[in-house]
Amino acid sequence: MERRTVLVVGCGVIGLTSAIELQRAGLRVILAARALPPDTVSNIAAAFWSPYAVAPAERCDAWALESYGVFRELANDDFSGVVMRSGIEFYPHDGEAPSLLRNLPGARAARASELRPGHASGVVFDAPVIETSIFLPWLMRKFGAGGGVIEVVRFDSLDEALERAPLVVNCSGLGARELARDESMYAIRGQIVRAERGTIERFVLEHDAQGGSTYVIPRSNDCVLGGTREDRREDLRVDLRQSEDILRRCAALVPALAKLRPLSAVVGLRPGRPVVRLETEQRAKGLVVHNYGHGGAGVTLSWGCAREVRERLT
């Protein structure tokens, strides 16, 4: 019996993980996208496991925990670009670490000696750090080794995609504004700075009372410093004043950064939506599973969402 064919639209982390999960379920998978890594927003992501700018909380927590388990396993693969790091997340006086973090294996409340001035609480935990410049090509190799086909193509509508295959998984991210005619989609502009890593081994995150965050994420050869969040701004130019502010905030958080050289700054547009859209839609030409709108948590939710996609199609 011929295997069913599924067309996955989008080649960021959401599309690639969905394609691999469907492939593992025995389906024939074609992955089609208008841009491939490194020209996707997933390549720009800090890619630290942390649910950010995403809802609804209950579903996202379940997807995040599922992904956490997968990433812990992938950290045993030296070629995946995934490592487990220990670190601390600080919260202001009116904030508290979410139960998702407090209940992670080995997590504990920060000791008084570990807290920074102006913060009432914190949590120490281990989390995956995913270096997307390594991880995305690794995913593409895995998909190709399993017989997957990747095509560069642009669809103007989901019906056009359904002409290629009766089953379509829509992982088009911000492109869903046009492809799915989803007017609730909006860009979340984020700017980060990359700096020398030096001897920094632990990640550090700080939340402020206005909902913003500062973070230092050490990777193999650099540190990702952030961040910014600007809803509905789509300017991809690097803002030098924002870079200076990021460097100032991060050096205050991790003083050792003051002696390390900034390397570059990049801007990406996260696919914002009031809630993640992961649902099935029956159309005249076939079946569509939507999997987009992950805000700043695409990597964090990726495997959990991909496994739900698989369950919906198998």
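Going by the structure above, here's the rest.
Residues numbered from 1 in each chain as written. Predicted model: local features only at pLDDT ≥ 70, side-chain atom pairs only at ≥ 80, totals over all residues. Heavy atoms only, no water.

## Some details on the packing of aromatic side chains
- If you walk through the whole model with that rule in mind, you get six aromatic pairs.
- Aromatic ring contacts, followed pair by pair, group F48, F125 and F203 into a single cluster.
- The ring centre of Y186 lies 4.2 Å from the NZ or CZ of R232, which sits over that ring. (Phe/Tyr/Trp six-rings, centres within 6.5 Å; stacked < 30°, edge-to-face > 60°. Lys NZ or Arg CZ within 6 Å of the ring centre and 35° of its normal.)

## Observations regarding the pattern of salt bridges
- The tally for this structure, following the rule as stated, stands at 30 salt bridges.
- In this structure, R307 and E21 form a salt bridge, with 3.6 Å as the shortest nitrogen-oxygen distance. Taken as a pair, R307 in helix α9 (residues 298-313) and E21 in helix α1 (residues 13-24) lie far apart in primary sequence, 286 residues in all.
- By relative accessible area, which is 23% here, R307 ends up partly exposed. (Salt bridge = Lys/Arg side-chain N within 4 Å of Asp/Glu carboxyl O. Helix = DSSP H or I, 4+ residues; strand = E, 2+ residues; numbered from the N terminus. Buried < 20%, exposed > 50% of the residue type's maximum accessible area, 1.4 Å probe, protein only.)

## Here's the deal with unusual backbone geometry
- Of note, the amide linkage connecting A55 to P56 takes the cis form, showing an omega dihedral of 5°.
- Structurally, P56 is set in the loop between α2 (41-44) and α3 (57-74).
- For the bond running from G226 to G227, omega is 0°, close enough to zero to count as cis.
- Structurally, G227 can be placed in the loop between β11 (222-226) and β12 (230-231).
- In this structure, R232 takes a positive phi of about 65° despite not being glycine.

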